[in-house]
Amino acid sequence: MDRRTVLRATVAGGAAAFSGSLWAGAAAAAPAQPGPSPYGALRSADSNGIQLPTGFTSRVIARSRQSVAGTSYTWHDAPDGGACFVAGTGWIYVSNSEITPGGGASAVRFNADGSIASAYRILANTNQNCAGGATPWGTWLSCEEVNRGFVYETYPQGGTAAVQRPAMGRFKHEAAACDPDRRVIYLTEDESNGCFYRFRPNTWGNLSAGTLEVLVAGTATSGPVTWARVPDPDGSPTVTRGQVSGAKRFNGGEGCWYDDGTCWFTTKGDNRVWAYDAVNQRIDLAYDDSLVSGTAPLTGVDNITGTGSGDLYVAEDGGNMEINIITPAGVVAPFLRITGQSASEICGPAFSPDGARLYFSSQRGTSGSSSGGITYEVRGPFR
C-alpha cells in the first residue's frame, strides 16, 4: 500500500466528526489537505508578536525566570507539555520544564474570571520533562524524555507529592493520553525507531501496577494492528522498543490525544499525524506533509490537543512557529503564528475546561534560550 492512506470521517448530528467507533463504515478520503481555516486568515501580529484570526486576542501568562504576575513564584525554564484542570470555579494550567537537571512541572491557578490566583511547583528534581497527559481522575502525567526515563504522576491542585510510576515503562517518554473506555493509557516514544505503547493498570485510577504493551504491525501506514506485552518494562538490559519482534516503528513520537474512540499521535521525524482506531484496532494517517498538494502548512509536528467540535490543534517544533488546525472535514490550516521567535518551538497547547481559552508556550521565546520561555493565553470564539 502506498502512503496515500485513508483519513476516515463520519457525519454526526449533521456535521462531520472524527469517531473511531464509526470508522469501519465511513467513506475513505485522503489525509488532510490545505484549505481555508474555519476562523479565516491570520491578521498582522499583535503586541505580543502573535498573528491570530479576527476576534481572537493574546496575553502573556508567564515568562521563564520571572515572577508569574500577581504571585511570587518564578516560572520555570523551557516550558513544554501542558494541560488544564478544573479547580473549583476556576481552572489550572500545568506546564512541564524540559531541562536537565531540574526539570519538573509548575502550575498556574486561575480564578473564574481568568485572573491569576497563584502559581506553584508540582514536580521537582527530575530530568527533561517534555510532554505528558491528563488523567480522568485529575492528575498530570509528566514524562521524562531521557533514556530509561520515568512517568511521574503529579497533582495539579498542589499539596501532594508526585509519585514515580515505573510500571508504565522506562524509555524516552514523550506524551500520554488516557482512554477511559478501554481503561488504558497510550504512550509515545521520542526515538527515530520508537514505538507506540499502551499501559493497562490492574485497577483503573491506580498506576502503581499493570501491563505495558507495544503496538505490533507491518511497515504500512494503514491497516489492522495488534498489541503484545513488553516483557521487561524496566528497559534494562534490553530497551523496551527492542523486546518484541514485529513492534511497529515510528519516527520520533511526539504529542498524543484521545477522544471518542480514536487516539491521535504525531511523529516529528516524518511530519505525520496518526489516528489509532481503538474500537477496530487499526491505524491510519490523518496528515502527512509529503502528501500535501502544494506547500505544506504544517511541518515539525509536535504537541497535539483537540476540542469537543472534533478539531485538532497541532503545534510546530520548527516550521514557521504555528499552531495548525485540522478540521473533521480533513482541512489543515494555520490557526496562529508566532513571529520573531524562529529559534524556538511551540509547546503545551491545552484548552481551558470551558473551551474558551487556549494555553501554550514558546519554549525559548525571542532569546532562543531555555531561559527565555514564554507562556501565552489566547481567547476568542472557538467553535
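Small disclaimer: the values here were computed from a predicted structure and weren't measured.

I'm lost on the environment of Cys 130 in this one. Help?
Tracing the sequence through the fold places Cys 130 in strand β12 (residues 129–134). You can call Cys 130 buried: its relative accessible area is 4%. In the structure, Cys 130 is positioned 38 residues away from Met 168 in sequence and 16 Å away in space, judged by C-alpha atoms. If we ignore the near neighbours within four places in the chain, the residues touching Cys 130 are Asp 80, Gly 81, Asn 96, Glu 98, Cys 143, Glu 145 and Glu 174.

Before we go on, may I ask you to explain the environment of Gly 103 in this structure?
Relative to the assigned elements, Gly 103 resides in the loop between β9 (90–97) and β10 (105–110). Gly 103 sits in the buried class, given a relative accessible area of 2%. Sequence separation between Gly 103 and Thr 126 is 23 residues, and the spatial gap between their C-alpha atoms is 5.0 Å. In this structure Gly 103 touches Ser 97, Arg 121, Leu 123, Thr 126, Gln 128 and Asn 129, once residues within four positions along its chain are discounted.

Help me understand the sheet that holds β12, please; the structure alone is not making it clear to me.
Sheet strands pair by backbone hydrogen bonding; their relative direction is either parallel or antiparallel. Strand order across the open sheet formed by 4 strands is β12-β13-β14-β15, with antiparallel pairing between neighbours. Here the strands that pair on one side only, and so sit at the sheet edges, are β12 and β15 (163–164). Relative to β15, strand β14 (residues 151–154) runs antiparallel, the two being bridged by 2 bridges. Across the sheet, the residue bridging to Glu 153 is Val 163, located in β15.

Got a minute to help me understand the nonpolar core in this structure?
Across soluble globular proteins, nonpolar side chains show a tendency to be buried alongside one another. Phe 335, Leu 336, Leu 358, Phe 360, Val 378 and Phe 382 are the most contacted members of the largest nonpolar core, which totals 21 residues. Of all the secondary-structure elements, those providing two or more residues to this core are β27 (312–316), β28 (322–326), β29 (331–338), β30 (346–351), β31 (357–362) and β32 (374–379). Sorting elements by how many residues they give to this core places β29 first, with 4 residues. Filtering out sequence-adjacent residues up to four positions away, Leu 336 remains in contact with Leu 42, Ile 50, Gln 51, Leu 52, Met 321, Glu 322, Ile 323, Ile 346, Leu 358, Phe 360 and Val 378.

Whenever I open this one, the side chain of Ser 95 confuses me. Can you help?
The topology assignment puts Ser 95 in strand β9. Residue Ser 95 is classed as buried on the basis of its relative accessible area, which comes to 0%. Looking at Ser 95, its side chain comes within polar contact range of the side chain of His 76, at 3.0 Å. Each residue touching Ser 95, except ones within four places of it in the same chain, is listed here: Trp 75, His 76, Pro 79, Asp 80, Gly 81, Gly 82, Ala 105 and Ser 106.

Looking at this structure, how should I read the pairing of strand β18 (residues 196–203)?
The two faces of a sheet get side chains in turn, since along a regular strand they alternate between them. In this sheet, β18 lies alongside strand β17 (residues 184–189) in antiparallel orientation, the contact comprising 4 bridges. Looking across to β18, one finds that Tyr 186 is bridged to Arg 198. Here β17 folds back onto β18, and the loop between the two strands holds 6 residues. Of the pairings in the sheet, the one linking β18 to strand β19 (residues 206–216) comprises 6 bridges and is antiparallel in character. Residue pairing across strands places Tyr 197 opposite Val 214, the latter belonging to β19. Linkage of β18 to β19, two consecutive antiparallel strands, is achieved through a turn of 2 residues, within which Gly 205 is found at a positive phi near 100°.

What am I meant to see in the sheet that holds β30 here?
In space, the 4 strands of this open sheet follow the order β7-β32-β31-β30, with antiparallel pairing throughout. The open sheet has two edge strands, β7 (57–63) and β30, and neither has a second partner. Geometrically, the sheet is characterised by an average inter-axis angle of 20° between neighbouring strands, direction not taken into account. Summarising the sheet, β31 and β32 pair through 6 bridges and their orientation is antiparallel. Within β32, the residue paired with Leu 358 across the bridge is Val 378.

Which parts of the structure should I look at to understand the packing of aromatic side chains?
Centre distance and the angle of the planes are the two values used to describe a pair of aromatic rings. Per the counting criterion, the structure on display carries 29 aromatic pairs. Consider the rings of Tyr 93 and Tyr 359, whose centres lie 5.3 Å apart with planes at 25°: the pair is stacked. Remark: Tyr 359 occurs in strand β31 and Tyr 93 occurs in strand β9; sequence separation between them is 266 residues. With a relative accessible area of 1%, Tyr 93 lands in the buried category. Look at Phe 250 and Trp 274: their rings are 5.1 Å apart centre to centre, the planes differ by 90°, and that puts the pair in the edge-to-face class. One end of the pair, Phe 250, is in the loop between β21 (226–229) and β22 (253–259); the other, Trp 274, is in strand β24 (residues 272–277), with 24 residues separating them in the sequence.

Definitions and limits used
- Residues numbered from 1 in each chain as written.
- Predicted model: local features only at pLDDT ≥ 70, side-chain atom pairs only at ≥ 80, totals over all residues.
- Heavy atoms only, no water.
- Helix = DSSP H or I, 4+ residues; strand = E, 2+ residues; numbered from the N terminus.
- Buried < 20%, exposed > 50% of the residue type's maximum accessible area, 1.4 Å probe, protein only.
- Contact = heavy atoms within 4.5 Å.
- Pairing = 2+ DSSP bridges.
- Core = buried A, V, L, I, M, F, W, Y, C linked by side-chain atoms within 4.5 Å.
- Polar contact = N/O pair within 3.5 Å; in protein donor to acceptor, adjacent residues only side chain to side chain.
- Axes fitted to C-alpha atoms, helices over the stretch in contact; angles between N-to-C directions.
- Phe/Tyr/Trp six-rings, centres within 6.5 Å; stacked < 30°, edge-to-face > 60°.

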